Amino acid sequence: MSGTETPTLVPPKSGPPTERAAPAKEAPTLPGGRRKTTSRRAGARGSTAEELSTRQREISVSEFFAKNRHLLGFDNPRKALLTTVKEAVDNALDACEEAGVLPDLRVELLPLTETRFKVLVRDNGPGIVRKQIENVFGRLLYGSKFHRLKMSRGQQGIGISAAGMYGLMTTGKPVVILSRTSAKTPVHEVVLKMDTSRNRADIVSDEERPGEADRFPDGHGTEVSIELEGRHLKGRQSVDEYLEQTAIANPHARIEYRTPTGEEILFDRAVEELPPDTEEIKPHPMGIELGTLIQMLERTSATQLGAFFKQEFCRVGPTSAKEICRRAGLSDRSWIKQVGHDEAERLYAAIQEVRVPAPPTSCVQAIGTKTLLSGLLKEVRGEFYAASTRPPSVYRGRPFIIEAAIAYGGDLPGDEPSRVIRFANRVPLQYQQSACSSFKAVLETNWRNYGLTQPRGGVPVAPLTVMIHMASVWVPFTSESKEAIADYDEIRKEMRLALQECGRKLQTYLNRRRRMARQGERRSAFLRYIGEIAKSCGELTGRDPTAVHEALLKQAEVKTAEVDQILDDEGRIIDDGGSLARDEGVVIVESRQGRPVEDDEGGDLFGEGGAERSTSRRSASKSKTRRKAKRGGSR
Amino acid sequence: MATKKKTVHRKTTRKAAGGKTSASTSTAGRRSTDERTIKRLVELGGDVSATAIGGEDPFVDIPTRALSNTRWNTRRRILEMGDARQRRNLFNLGQARKFMQTMLLASGCKELIEQGKTLSLRSMYYKSLHTIAGTKEKTFTGQEESDPILEDLEVALGSLREELHVFASERGKVVGNLTIIDNGDEIDLRRMGTGGYAIPSIVEPSVIKFGKCEAKFILHVEKGTVWARFNEDRFWKKHNCILTEGGGQPPRGVRRLLRRMHEELGLPVYCLLDCDPWGHYIYSVIKQGSMNLAFESERMAIPQAKFVGIRAGDYQTYGLTDDVQIALSDRDVTRAKQIAAYPWFDNKAWQKEIKTMMRNGFKMEVESLITKGISFVTEEYVPAKLAAKDWIE
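It should be emphasised that the depicted structure is a prediction, and the values quoted were computed from it without experimental measurement.

Q: How should I be thinking about the packing of helix H9 (residues 290-299) of chain A against helix H12 (residues 341-353) of chain A in this particular structure?
A: Residue and element names in this part refer to chain A. Here H9 crosses H12 at 120°, and the two axes come no closer than 10 Å. One finds that H9 runs oblique with respect to H12. The chirality of how H9 crosses H12 is right-handed. Listed contacts from H12 to Leu290, Leu293, Ile294 and Leu297 of H9 are His341, Ala344, Glu345, Leu347, Tyr348 and Ile351. Class assignment for the residues of the contact of H9 with H12 results in eight nonpolar, one polar and one charged.

Next up, the structure:
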């Protein structure tokens, strides 16, 4: 959490295999060779232990990731560009939220050559104090978020430094950071070059730039520009899509985006409130691993077991602590120093047996159905929106919340597989869809129950966009590049339940729409025939058919008045909203609703005025009168 | 629609149509019939208009044409239509289209009558066929949709099809010792060659009058092929009779003509039909009327008609070969059982006849007698049966 708690960099144990394995392969036996020859040759080809030892040295984490940059999402130029934007934007949003500022972001992609881009991301966050700039942007695994259990977008402290490193490696250009912490302090411009072998940054230049003060109209903020080799393509898995999805999950942010072609796109703010702040929590005994427990025992400042449990864990009170110790054959007054490996193992077993209340959920904050809907409404042009937020749940001792939302109909294409957009802590996940727990949950849900077509083992084929969000203090990603959520049963189950709730709401809506279409059909059938009947009557009686025609039209309207009504689930007529309208998790945009009648005959009955009508159910009564007025006028 | 009024009308119509009338009165009768029909059509339009303006759901009451609404009048020995009615409403999704079609045909008929013209059922379909304004929907999708509506209109108004100036395509032929006057043209049915005289759809006295008649009886056969056999053998000349044919289930024109000849010329009617449920039913339609047109039985049925053959027992009596057997299908058996259950088949002779056929397990066509000789049926079978009065009723 605090910057001072710098982690000691332990090199990854698995190390780059090439360097270590090479000598081992050259084990000194030659087919049919004599000992002497072998040993002599060892000098030429192989190495002695002493010689090897001179080459054995610590590998910096930066070096490791520089070689394995695909692990961080820099596999190809296209993805690298996206990952860079993504890391910078995620950091910017985190910073703004932690400082309690409504995020105002500017993202620029400046094409330098065909394959080279300058990525610029500016925020109005708190800024970064001068002495931390090189640490934050110049070192891998340096950050404020790793050592805590708090919900945030970033987790590991790898992202932005890795992006800078990638830029340096592909273009040789340093990272330029502009930062201002308050209106009173000057703007600092720091130019950094990473030294991968030391996992430190070299400062190329460090200047105060008073002239750049107008870049931060709020008086504070950070701007980072990275030059890198990249490729910009629109469509799936593009920067554009990432920003669009970010806007969906973060409707409190305003994002300006300048595309490589110079187009300005604005993802405007839809909600004027910051998401509520979340609390940091201590680990929960459930889901702690034996190794972690041992480590905690070694590091704790407590001297006795009872104090240790109370101090280091959440939800463990004196009673539970006593019970754990008793089951492990120890006492809560046992000295920590006396706890060896065997005791730790017994304690670990005891923890699994003792029931401890679930962790507090104040540390996870859902986006909330309302905000979720406003985000979706803003970026996806459907006609029906439903969202559901599950109550907090726990996997491996870590609380999490699952939310799902769907958009249906409207301008969405109906003959393609539905789009699934996934989020973890408000960050869009764009790669490895099929490996993601949330995508599996979508496949697992039987959408046919809700009136959609779904091929076996596939996503429904319908004008549908499905959104799933997981909020947690620690999102279990399948890899460092944070592309897919790992498949825990607890997580998948919650996802399924959230999707099912949305599905049920959709079903209600579709049923209602079908019912209204039937009514519409009825009326149009009557209306179609009324002209003929009136005319025939006129011919039979020799009188003017107008009176009959009008009387019949009037009756048709009365008899099928339900078309103009909003019906609830049970088909009862209601004035100001049914269960769907009362539901906070549902939005219906009537102007985008498909016509309930298929043929165009009856069409003008239901044709809407050109203006988009807004979402509130109350406007239904207004539209009814308007419709009526229109009909009256056209006759 | 006032139902009582209609019943009264219908009775008067029968009398006017049924009696022997001279040419002048018949024209007058036709005119008065037309006036009456138009009056009913205007009433129909007026009722619907008034209901609509009164804010009620407009409707037409249509007598039900089904077994459930068919009464077997044991005294008169004919089928009669009961009082059950079905109300056809406009504001009922299942009936709206039919309601519209009923009104459309009604106004079409009115126009026909006013212009003094007649149209076939098919032409009537075309006359009322158009695309509904502002839609792609047609008023009728085919003649099969308009025909039943016209029948509905007939029963609803209590006016016959011919009174609505609509006729069916003709079917059925006649030859024999009789002269008729068809719309003023004298036609000698003795000189019709091999083709015969096609029986028109409308054979009311206003169109067809009877002239000289020597015939003593009428032989009605099921279909054209058998009729051709009898005509080629000049059966009608030899036996001084009238020979008719109805192309299977006889249309209204044929039935009406049979009835008029039977009634006005006093000729008994003998039927030669196949030995199968369909033949049996044709006989029953000629004899006491059909369920569908039960309202017309009064002027169509011939309760004294006799069924000469083919009889189920003929297989043994005439020693026919196995080759003529046509096995009864499941459908035949079902139909036979249905027919046996009709109250008007509830007499010993018929129950026995059907039972025998069922026991045989096969049916026989009239043509099966060809196996005994080309002219066996005309020279031996029918003469023998008639001489022996070997028939059932």
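Q: Explain the interface of chain A and chain B to me, please; I cannot follow it from the model alone.
A: Each partner contributes residues to the interface: chain A has 23 residues there, and chain B has 35 residues. Surface buried jointly by chain A and chain B totals about 2400 Å² across both partners, of which 69% is contributed by carbon and sulfur atoms. Considering only the side of chain A, the residues that lose the most area to chain B are A:Tyr529, A:Glu532 and A:Leu540, jointly responsible for 29% of the buried surface there. Across the chain A-chain B interface, the total number found is one salt bridge. The partner of A:Arg528 in a salt bridge is B:Glu137, and the shortest N-O contact between them spans 2.3 Å. If you look at where chain A meets chain B, you find nine residue pairs in polar contact (both at pLDDT 80 or more). Of all the secondary-structure elements, those providing two or more residues to the side of chain A that touches chain B are helix H15 (489-541) and helix H16 (546-559) of chain A. Residues that form the side of chain A that touches chain B fall into these classes: 12 nonpolar, three polar and eight charged.

Q: So what exactly am I meant to see when it comes to the sheet that holds strand E7 (residues 173-176) of chain B here?
A: Pairing between the strands of a sheet is mediated by backbone hydrogen bonds and can be parallel or antiparallel. All names here are of chain B. An order of E10-E7-E13-E12-E14-E15 is seen for the six strands of this open sheet, with the pairing classed as mixed. With partners counted over all chains shown, the strands left at the sheet margins are strand E10 (197-198) and strand E15 (306-309), one partner each. In this structure, strand E12 (residues 217-221) lies alongside strand E14 (residues 269-272), joined through four bridges in parallel fashion. Bridging across to E14, His220 finds its partner in Cys271. The sheet strands contacting helix H8 (residues 252-264) are E7, E12, strand E13 (241-245) and E14, and the helix crosses E12 at an angle near 160°.

Q: I tried to follow the side chain of B:Ser107 on my own but got confused; where do I start?
A: Mapped onto the elements of the fold, B:Ser107 is located in helix H3 (residues 96-115). Residue B:Ser107 is classed as buried on the basis of its relative accessible area of 7%.

Q: Sorry, what's going on with the sheet that holds strand E3 (residues 175-180) of chain A here?
A: Residue and element names in this part refer to chain A. With respect to topology, eight strands assemble into an open sheet ordered E5-E4-E3-E6-E2-E1-E7-E8, the strand pairing being mixed. Every interior strand has two partners, whereas the edge strands, strand E5 (200-208) and strand E8 (264-267), have only one. Between one strand and the next, the sheet's axes are offset by a mean angle of 15°, whatever the strand orientation. Taken together, the five bridges between E3 and strand E6 (residues 221-229) define a ladder with antiparallel strand orientation. Looking at E6, one finds that Ile177 is bridged to Val224. Packing of helix H6 (residues 130-138) onto the sheet brings it into contact with E3, strand E4 (188-195), E5 and E6, and relative to E4 it is tilted by some 40°. Contacts from helix H8 (residues 239-249) reach strand E1 (104-113), strand E7 (254-258) and E8 within the one sheet, and its direction differs from that of E7 by about 170°.

Q: I'm lost on the side chain of A:Ser179 in this one. Help?
A: All names here are of chain A. Note on placement: Ser179 falls in strand E3. Classification of Ser179 by relative accessible area gives buried; the value is 1%. Here the side chain of Ser179 touches Ile128 through a polar contact of 2.9 Å, landing on its backbone nitrogen. Each residue touching Ser179, except ones within four places of it in the same chain, is listed here: Gly127, Ile128, Ile133, Pro186, Val187, His188, Gly221 and Thr222.

Cut-offs used in this document
- In this convention, every chain numbers its residues from 1, walking through the sequence in written order.
- All chains are assigned letters beginning with A, and all ligands numbers beginning with 1, in the order in which they are written.
- At least 70 in pLDDT is required for a residue's local features to be given in this predicted model, at least 80 for side-chain atom pairs to be given and counted, and no such filter applies to totals for whole chains, interfaces and linings, which use all residues.
- Excluded from the side-chain calculations are hydrogens and water; all other atoms, namely the structure's heavy atoms, are used.
- Axes here mean lines fitted to C-alpha atoms, for a helix over just the part in contact, with angles spanning 0 to 180 degrees between N-to-C directions.
- In DSSP terms, a helix is any run of H or I states spanning at least four residues, a strand is any run of E spanning at least two, and both are numbered starting from the N terminus.
- Each angle is binned into one of four classes, with values under 35 degrees roughly parallel, values over 145 roughly antiparallel, values of 65 to 115 roughly perpendicular, and all other values oblique.
- Take the far helix as your reference; a near helix turned counterclockwise from it by less than a right angle gives a left-handed crossing, and one turned clockwise gives a right-handed crossing.
- The contact criterion used throughout is that any non-hydrogen atoms of two residues lie within 4.5 Å.
- Each residue gets one label: Ala, Val, Leu, Ile, Met, Phe, Trp, Tyr, Cys and Pro are nonpolar, Asp, Glu, Lys and Arg are charged, and the others, such as Gly, are polar.
- Simply put, the buried area is the total loss of 1.4 Å probe accessible area from both parts when two parts are fitted together.
- Throughout this description, the term salt bridge denotes a Lys or Arg side-chain nitrogen within 4 Å of a carboxyl oxygen of Asp or Glu.
- We define a polar contact as two N or O atoms separated by no more than 3.5 Å, with the added condition that, inside protein, one atom must be a possible hydrogen donor and the other a possible acceptor, whereas residues neighbouring each other in sequence contribute only through side-chain atom pairs.
- Two strands pair under a simple rule: DSSP has to find at least two bridges between them.
- Whether a residue is buried, partly exposed or exposed follows from its accessible area with a 1.4 Å probe, protein chains only, as a fraction of its type maximum: under 20%, in between, or over 50%, in that order.

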